[in-house]
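Chain by chain, the residues:
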Amino acid sequence: MITRKFLLAALLVPLGATLAVAPAASAAAPPAASAASASPDAVAFRSPEAALDRVAHPLRTTEPRGNVADLRPFGTMVGDATVVGVGEATHSSHEFVTLKHRMLRYLVEEKGFRTFALEAAWSSGLRIDAYLTRGEGDLKQIMDEEFQGTYRWWNNAEYRDLLQWARSYNIQHPGDPVRFVGDDNGFAGPQLYDKVNTFAAESSPELAAQITELYQGLRPTISAETYVNDYFAKPLAERKAIAERTGRAVDLLKQHPGADPDAHAWAVQHASAIHQMTTLYAFDWDDPRNIPGAMLYRDRVMADNIAWWQQRTGSKIMISAHNSHTALKTYAPASHPRVQGEFLREQLGTGYLSVGLTFNQGTFNAFNHDGAPQRFTAAPAAPGTAEHTLDKVRHRDYVVDLRTAPTAARAWLAEPHTIKNIGATYPGIADAPQIRLTQTHDVLIHLHQVQAAHMLN
């Protein structure tokens, strides 16, 4: 039986983490064409890397500094999209984060993007946004306090560098800053309760008293990791009762608009973020039959939070999350019926762009089965896997638009292929699911080699 502890750890790992998938050997293979009847496309189909070679755009580097002219083809792929979801095949590899930093620089400077979204708690996003836009707080302290538990993989030198760059940019552009949002619901920090209580107090004494009663005993006063562990240890009936209380708080706020429509909208969203956490933990995680519903809820919340931020601020957003969140189609349909990228495509249409990141070999950080952080090594991709073929393209690192790839390449991309899908815990149950790349992402970035990120705590 999958334990509650494992499922809690799986909350922030790739979507395949709670589902066993078919082994690589079951991947469908295209029928071979005879030499006499093979067309040029058929020949290219037997060598999809040759077709991809014609349309792949090389990356000069994955490091964030320096000229970003080589990202112009990527800018063309982005087009008029207002939300770009950039994935990762591991949660803790240096090049995935530094490349995202570089892409963020390009999108900010050349495409008018002004928000970086991370697979982190909404309340964490508020603290980081205050640091980026107003210089509030100490970045090290914020990262240490907010990036705990399985969120700890964001507490690395690479993300610190990205956030320091954004702060420097904002100092130079105070009237048009880069902002930060956390779209996830694994934790609801004390600032959410404070902001909702402040709005209620300014609205009416009656509302303030009702909100205070509904939130009694819920505002965190301990570390995020300890709070979540203690909360999750509560009996299911108690967690369900708490979720009912936080839902009533949202309903009450909606009925009291106050004098400032903008302040009201933010208060409702903050209260919704609290309710999103309590609702997620009100699922019975001891019963595997409830996992699909819980994961469906989580990804819908992540999409809704992004859509709300985009509509409220008008900002173009770059999302950083695992490939299996940014995807247009779930990696693991039995346990994760639909994912964030699917919901965003549904809400935004072509305004949402999904970018997958793959790699051939290298190192990464993850929890081992004892729950301890460990550095792991991924061997070079095996024949028959997606990365084995992708790595045969002549460029070491490159970006390719899957939507406009040659017909021959699209035929291969449309077939199911095993792909690396490594999360917060390794080895996992579904480190190598099979996906059809053209159904899963709009754009693909392939890296030849990665190294583990540099953890700070």
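1. Quick look at the overall build of the chain
Here is step 1 of the chain: Within the chain, the regular secondary structure consists of 19 helices and 11 strands.
Here is step 2 of the chain: Counting every position in the chain, which comprises 457 residues, the buried fraction comes to 59%.
Here is step 3 of the chain: Excluding contacts between residues fewer than 6 apart, the proportion of contacts in the chain whose partners are at least 24 apart in sequence is 79%.

2. Some points on the packing of aromatic side chains
Two numbers describe a pair of aromatic rings. These are the distance of the centres and the angle of the planes.
Here is step 1 of the chain: Taken as a whole and judged by the stated rule, the model has 20 aromatic pairs.
Here is step 2 of the chain: Note on Trp-122 and Trp-308: the rings are 5.9 Å apart at their centroids and 75° apart in plane angle, and the pair reads as edge-to-face. Taken together, the positions of Trp-122 in helix H6 (residues 122–134) and Trp-308 in helix H14 (residues 291–313) put the pair 186 residues apart, joining distant regions of the chain. The same class applies to Trp-122 as to Trp-308, namely buried.

3. Let's talk about the environment of Ala-201
Here is step 1 of the chain: Here Ala-201 is to be found in helix H9 (residues 190–203).
Here is step 2 of the chain: Placed 10 residues apart in sequence, Ala-201 and Ile-211 show a C-alpha to C-alpha distance of 9.2 Å.

4. Some points on the packing of H9 against helix H13 (residues 261–280)
What describes two packed helices is the angle between their axes and the distance between those same axes.
Here is step 1 of the chain: The geometry of H9 relative to H13 is characterised by a closest axis approach of 9 Å and an angle of 140° between their N-to-C directions. Between H9 and H13, the angle is such that the two are oblique. Here H9 runs over H13; the crossing is left-handed. Contact residues: Leu-192, Tyr-193, Lys-195, Val-196 and Phe-199 in H9; Ala-263, His-264, Ala-267, His-270, Ala-271, Ala-273 and Ile-274 in H13.
Here is step 2 of the chain: Its residues assigned to classes, the contact of H9 with H13 comprises nine nonpolar, two polar and one charged.

5. A look at unusual backbone geometry
The phi angle of most residues is negative, glycine excepted, and most peptide bonds adopt the trans form.
Here is step 1 of the chain: Cis geometry marks the peptide bond from Tyr-426 to Pro-427; its omega dihedral reads -10°.
Here is step 2 of the chain: Assignment of secondary structure puts Pro-427 in the loop between strand E9 (417–418) and strand E10 (434–435).

Each value, and the rule that gives it
- Residues numbered from 1 in each chain as written.
- Predicted model: local features only at pLDDT ≥ 70, side-chain atom pairs only at ≥ 80, totals over all residues.
- Heavy atoms only, no water.
- Helix = DSSP H or I, 4+ residues; strand = E, 2+ residues; numbered from the N terminus.
- Buried < 20%, exposed > 50% of the residue type's maximum accessible area, 1.4 Å probe, protein only.
- Contact = heavy atoms within 4.5 Å.
- Phe/Tyr/Trp six-rings, centres within 6.5 Å; stacked < 30°, edge-to-face > 60°.
- Axes fitted to C-alpha atoms, helices over the stretch in contact; angles between N-to-C directions.
- Parallel < 35°, antiparallel > 145°, perpendicular 65-115°, else oblique.
- Left-handed = near helix turned anticlockwise from the far one by under 90°.
- Nonpolar A, V, L, I, M, F, W, Y, C, P; charged D, E, K, R; others polar.

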